[in-house]
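# Observations on chain architecture
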Amino acid sequence: MKAKLTPWFSAKTPPVRVGWYDAQYCFGSTIPVERLWFDGKMWLFKKNGEQTDFGRHFLLEDKWRGLAEKP
């Protein structure tokens, strides 16, 4: 069964929980969704990995979504 997901949120609105999220960089076109880790403070490519530039664009609207229910 497929997990229920939240709607898309602006990267300016941080997630409430630490964990994996679907992320989409918005460069004015449809960009494939990738998985990023949110450590409670910043977005990373993987757990304990390198920080991404996700959400740090001034003119673009990056967005994320997660699980609608706590696992």
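In the block above lies the structure referred to throughout.
The sections below set out a description of the structure shown in this document. All figures in this text were calculated on a predicted structure; none of them were measured in a lab. (Residues numbered from 1 in each chain as written. Predicted model: local features only at pLDDT ≥ 70, side-chain atom pairs only at ≥ 80, totals over all residues. Heavy atoms only, no water.)

### Some thoughts on the nonpolar core
One broad rule of soluble globular proteins: the nonpolar side chains tend to lie buried together. Formed by Ala11, Tyr21, Ala23, Tyr25, Leu36, Phe38, Trp43, Phe54 and Trp64, the largest nonpolar core amounts to nine residues. Leave out the neighbours within four places in its chain, and Phe38 touches Pro14, Pro15, Arg17, Val18, Gly19, Tyr21 and Trp43. (Core = buried A, V, L, I, M, F, W, Y, C linked by side-chain atoms within 4.5 Å. Buried < 20%, exposed > 50% of the residue type's maximum accessible area, 1.4 Å probe, protein only. Contact = heavy atoms within 4.5 Å.)

### Some details on the pattern of salt bridges
Overall, the coordinates contain three salt bridges when judged by the stated rule. Between Asp22 and Arg65 there is a salt bridge, with its nearest N and O atoms 2.9 Å apart. Remark: Arg65 occurs in strand β5 (residues 63-65) and Asp22 occurs in strand β2 (residues 19-24); sequence separation between them is 43 residues. One continuous salt-bridge network, built from bridges that share partners, spans Asp22, Arg35 and Arg65. (Salt bridge = Lys/Arg side-chain N within 4 Å of Asp/Glu carboxyl O. Helix = DSSP H or I, 4+ residues; strand = E, 2+ residues; numbered from the N terminus.)

### So, unusual backbone geometry
One non-glycine residue, Asn48, lies in the positive phi region at around 55 degrees. By the secondary structure assignment, Asn48 is in the loop between β4 (43-44) and β5. The exposure class of Asn48 is exposed, given its relative accessible area of 78%.

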